[in-house]
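Examination of the molecular architecture
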Amino acid sequence: MIRRGFSLLWSTFIWVIMIFTLLWTLFPMYWMLSTSLKDNLEVFNVNPSLWPNAPTLASYVNLGEGLTPIPTFFMNSVITSVFTVVLAVSLAVLAGYALSRLRFRFRKTILMGVLVTQMFPLVVLLIPLYLVYVKAHLLNSYIGLILAFTSFTLPFGIWMLKGFIDSVPVEIEEAAMVDGCSRLQSMRLMVFPLIVPGIVATGVFAFLDAWNNLLFPLVLVNDVLMKTLPPGMILAFGGEFKHDWSGMMAASCLVSIPVIIVFIVLQRYLVDGLTKGAVKG
Amino acid sequence: MWGRFKNTVLSTENGEDNSTKLAALLIAPALAVMGFIIVYPLLEALWLSFFNYQLTKPDEYAFAMAQNYGHMLKDDVFWIALKNTVFFTFATVFIGLLLGLLMALAIDHIAERFASIRGLILIPWVVPGIVVGYLFMYMFDVEVGIINYFLLKANIISKYLPWLMKEDLSMIAVIAAHVWNQAPFYMLMITAGLKAIPDDVKEAAYMEGASRWEEFCHVTLPYLKGILVISSLLMIIRNFNNFPIIWTMTGGGPVYATTTSVIYIYREAFEQYNLGYASAVGVVWVAILLIVSVVYVRSLQKDF
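Residues numbered from 1 in each chain as written. Chains lettered and ligands numbered in written order. Predicted model: local features only at pLDDT ≥ 70, side-chain atom pairs only at ≥ 80, totals over all residues.

1. Considerations on the overall build of chain B
We count it as follows: For helices the rule is a DSSP run of H or I covering at least 4 residues; for strands it is a run of E covering at least 2, with both sets numbered from the N terminus onward. Every radius of gyration here is taken over C-alpha atoms, with the globule rule written as 2.2 Å times N^0.38, N being the number of residues. Burial is judged by counting other C-beta atoms within 10 Å of a residue's own C-beta: 20 or more means buried, 12 or fewer means exposed, and anything between counts as partly exposed, with every C-beta placed from the backbone. Placing a C-beta atom from the backbone of each residue, one calls two residues in contact when those atoms lie within 7 Å.
When helices and strands are tallied, chain B shows 13 helices and two strands. Relative to the compact-globule value of 19 Å for 304 residues, chain B shows a C-alpha radius of gyration of 25 Å, a clear excess of over 25%. Referenced to the eigenvectors of the C-alpha coordinate spread, the extents of chain B come out at roughly 80 × 75 × 30 Å. The proportion of buried residues among the 304 residues of chain B is 42%. Here the analysis covers contacts within chain B between residues at least 6 apart in sequence; of these, 70% occur between residues at least 24 apart.

Here it is, written out as C-alpha cells:
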C-alpha cells in the first residue's frame with residue numbers, strides 16, 4: 001500500500017509524546033519500588049534521591065515482623081483469588097455455552113440481565129448482604145468471599161466466553177454428534193480446546209477482580225486473621241502508621257507484583273479477549 | 001437423520017423442549033450465585049430503604065414510609081456527594097479518554113519493533129486500586145511528595161502545596177490518580193479500533209490529498225466512534241461506583257470535598273450504622289445508574 005511519509009519533524013513529535021507517555025506511566029511505579037528500598041531517614045530527605053543511596057530490604061523484612069500479619073493476608077488473598085478463578089471459570093463456561101449454542105425462552109433477557117448486574121454499585125448490595133452473611137454464618141469465611149468475588153466477575157466472564165464460543169463453527173459439533181458424541185461430550189472434546197484463550201482471559205480477569213477487591217473483604221471480614229491484602233493494608237497503614245512511607249511502598253509492591261506478573265505472562269490472551277468484541281462494531 | 005442432529009445443535013424452534021432443559025441446567029449454577037449475591041440483596045435494599053433501621057438503635061426499627069427519601073431532599077451532604085460524583089466521573093473519563101487516544105495514535109505511528117512498549121504502558125491498568133491510592137497519596141504528600149518537588153523545581157508553583165488537605169486541590173489529585181490508572185484501558189480499546197480501519201481507506205484519503213488532520217477527522221474518528229462511545233459509557237459506570245482509590249487517598253475529605261456517593265453510602269451504612277437511610281441513598285443511586293445502563297445496552301445492541 002501507499003503510505004504517508006514520515007517527516008523528521010513528525011517522527012520527533014511522535015517520540016516526544018511516547019517519551020512523555022512512558023515517563024507518566026512508569027515513573028510512579030519506579031518511585032514505588034525505589035521508595036520501598038530506602039530506609040525511613042532517606043525517605044524524608046529534602047532533596048529526594050532517584051535511586052536509594054544504600055538500597056535495603058529492611059522494609060520488606062519488617063512487613064513480616066510487624067504487628068499486622070501481612071504474610072497471613074497474602075495467603076488469604078492467594079486462596080480466595082485462586083478459588084474464585086476456578087469457580088468463576090467453571091460457571092461462566094457452562095452458562096456461556098448455553099447462551100451461545102442453545103435457543104430457549106428468556107435467552108436475550110438473561111444476557112441483558114447479566115450485563116446490567118455488572119453496573120450495580122457494590123456498596124448498595126453490601127448492606128443487605130452483610131445481614132444475610134450474618135444469618136448464614138458466612139462472615140469471616142473463605143467461602144463467603146469466594147462467592148462474593150465470583151458473582152461480580154461472572155457477568156464479564158459469561159459474555160466473554162459466549163463470544164468465544166460463538167466463533168467456533170457449529171459444523172464441528174454437528175460432525176461430532178453424528179459420530180455419536182453426546183452434547184456434553186462434544187462440548188468438552190470439541191469446543192473447550194478451541195476456546196482456551198477465552199478461558200485463560202476469563203481466569204485472568206477473575207484473578208484481578210478478586211485480588212484487587214477492597215469493599216467485600218472490608219465489610220464481610222472483621223476477623224484480622226481472615227483479611228485479604230487490600231483491607232489488610234488499610235489496617236496496617238491507616239491511622240498512626242501513615243508515615244511509614246517505605247513500609248507502605250514495600251507492601252504496595254508486594255500487592256502489585258503478583259498481578260503484574262500474571263498480566264505480563266498472559267497479556268496476549270487478555271488483550272485479545274478484551275478487544276475481540278470491541279472491534280466487531 | 002442429519003436434519004435431527006442439525007436441529008439439536010442449532011436448536012431451532014422444534015428442538016426447544018430438550019435444549020431448554022439443558023440450558024436451564026447449564027445456566028442455573030451461575031444464576032444461583034448471582035441471585036444470592038446480587039439480586040436478592042438488591043431487592044432487600046429496596047425493602048430496607050422504607051425502614052428506620054439503625055444498628056445502634058435496634059428498638060427504633062420500624063416501617064418509615066418515605067421518610068428516608070424525604071430526608072434525602074434536605075440532606076446537604078447527599079447533594080454535595082451527587083455533585084462530586086458527577087464532576088469526578090466526567091472529568092476522569094474525559095481526560096482519560098483524551099490521553100488514551102493520544103497514546104494510541106502515537107503508538108500506532110511507531111515502528112512495529114517497538115510494539116512491546118504497549119505492554120509496558122498497560123501495566124497501571126492492572127495495579128490494584130488500593131496501591132494506586134496509597135502511591136498517589138505518597139506522591140501528593142505536602143512534605144515528601146515528589147510531585148511538589150518537581151513542580152517547584154519547574155517553577156510552576158512557588159511553595160509546596162497541601163494537595164490532599166485543601167478542598168479545591170484534593171479533587172485534582174484524586175482525578176490524576178484515576179486517570180493514571182485508567183488511560184491504558186482506553187489506549188488498548190482504541191488501538192484495537194485503529195487496527196480495524198481498512199488500509200485502503202487510509203490510502204485513499206492520502207491519495208485524495210487529505211492532510212493528516214483531515215484524515216483523522218473524516219476517516220479515523222468515524223471508525224472509532226463505536227469504541228469511544230462504548231468504552232466511555234463503561235468507564236462512566238465504573239467511576240460512578242469507584243471506591244478504593246478515593247477511600248485510601250482522602251477517605252472522602254477534606255470535609256466533603258472528595259466524598260462521592262459510594263463513599264457517602266459506605267460511611268452512612270458502616271460507620272453511622274444508618275442502614276435504612278444508606279439503603280435509600282443506594283436505591284436512588286441504582287435508579288440513576290439504571291438510566292445510564294439502558295443507554296449503554298442500547299448502544300451495544302445498535303453496534304453489534
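2. A closer look at the overall build of chain A
Scanning chain A for helices and strands turns up 13 helices and zero strands. Counting helices and strands in the order they occur from the N terminus, chain A gives α-α-α-α-α-α-α-α-α-α-α-α-α. Against the globule reference of 19 Å for 281 residues, chain A gives a C-alpha radius of gyration of 24 Å, more extended than a compact globule. The buried share of chain A, taken over its 281 residues, is 45%. Across chain A, contacts joining residues at least 24 apart in sequence account for 77% of those joining residues at least 6 apart.

3. Topic: the packing of helix α4 (residues 70–101) of chain A against helix α10 (residues 196–212) of chain A
Residues and elements named next belong to chain A. As a reminder of what qualifies: Simply put, an axis is a line fit to the C-alpha atoms, just over the touching stretch for a helix, and the angle between two N-to-C directions goes from 0 to 180 degrees. Should an angle fall under 35 degrees it is taken as roughly parallel, and over 145 as roughly antiparallel, whereas 65 to 115 is taken as roughly perpendicular and any remaining angle as oblique. In this scheme the handedness of a crossing depends on how the near helix is turned from the far one: anticlockwise by less than a right angle means left-handed, clockwise means right-handed.
One way to put it is that α4 packs onto α10 with a least axis distance of 8 Å and a crossing angle of 140°. Between α4 and α10, the crossing angle belongs to the class labelled oblique. You can see that α4 and α10 cross each other, and the crossing is right-handed. Where α4 approaches α10, its residues Ser77, Thr80, Ser81, Thr84, Val85, Ala88, Val89, Ala92 and Val93 are matched on the opposing element by Ile199, Thr202, Gly203, Ala206, Phe207, Ala210 and Trp211.

4. So, the domain arrangement of chain B
Put simply, the rule reads: Residue ranges for the domains trace back to a domain assignment, done automatically or taken from a database.
For chain B, the assigned domains are domain 1 (2–40) and domain 2 (67–303). Here the C-alpha centre of domain 2 of chain B lies 38 Å away from the C-alpha centre of domain 1 of chain B.

5. Description of the environment of Glu203(B)
Its location among the elements puts Glu203(B) in helix α9 (residues 199–207). Residues Glu203(B) and Glu215(B), twelve residues apart in the sequence, show an inter-C-alpha distance of 9.9 Å.

6. Some remarks on the interface of chain B and chain A
Heads up, the rule is: Each residue is assigned to one class: nonpolar for Ala, Val, Leu, Ile, Met, Phe, Trp, Tyr, Cys and Pro, charged for Asp, Glu, Lys and Arg, and polar for all the others, Gly among them.
At the junction of the two partners, chain B supplies 84 residues and chain A supplies 83 residues. If one sorts the elements of the side of chain B that touches chain A by residue count, helix α2 (residues 16–48) of chain B sits on top with 19 residues. Split into classes, the residues belonging to the side of chain B that touches chain A amount to 63 nonpolar, 15 polar and six charged.

7. Here's the deal with the environment of Phe63(B)
Residue and element names in this part refer to chain B. Within the secondary structure layout, phenylalanine 63 lies in strand β2 (residues 62–63). The spacing of phenylalanine 63 and glutamate 143 is 80 residues in sequence and 51 Å in space, taken between C-alpha atoms. Every residue in contact with phenylalanine 63, bar those within four places of it in the chain, is listed here: Phe50 and Phe51.

8. Focus on helix α6 (residues 122–136) of chain A
All names here are of chain A. Just so we agree on the cut-off: Multiply 1.5 Å by the residue count of a helix minus one, and that product is the helix's expected span.
The end-to-end C-alpha separation of α6 is 20 Å, in line with the 21 Å expected for 15 residues at 1.5 Å each. Taken together, the buried positions of α6 are occupied by Leu122, Val123, Val124, Leu125, Leu126, Ile127, Pro128, Leu129 and Tyr133. Histidine 137 occupies a position one or two residues after α6 and carries a positive phi of about 55°.

9. Things to note about unusual backbone geometry
With a phi angle near 70°, Phe106(A) is a residue other than glycine that sits in the positive phi range. Checked against the element boundaries, Phe106(A) lands in the loop between α4 and α5 (107–117). For Phe106(A), a count of 12 C-beta atoms within 10 Å gives the class exposed. In this model, Tyr273(B) sits at a positive phi of 60°, which is unusual for a non-glycine residue. Residue placement: Tyr273(B) occurs in the loop between α12 (261–270) and α13 (275–303).

10. Regarding the nonpolar core
For the record, the criterion: Joined through C-beta atoms within 7 Å, a set of buried Ala, Val, Leu, Ile, Met, Phe, Trp, Tyr and Cys residues constitutes a nonpolar core.
The biggest cluster of nonpolar side chains holds 160 residues, and the ones touching the most others in it are Ala92(A), Ala95(A), Ala251(A) and Ile265(B). Among the elements that line this core, the one with the most residues is helix α8 (residues 167–195) of chain B, at 15 residues. When residues are assigned to domains, this core turns out to be shared by domain 1 (2–40) and domain 2 (67–303) of chain B, each giving three or more. Beyond its immediate stretch of four places on either side in the chain, Ala251(A) contacts Leu63(A), Ile70(A), Met233(A), Ala236(A) and Phe237(A).

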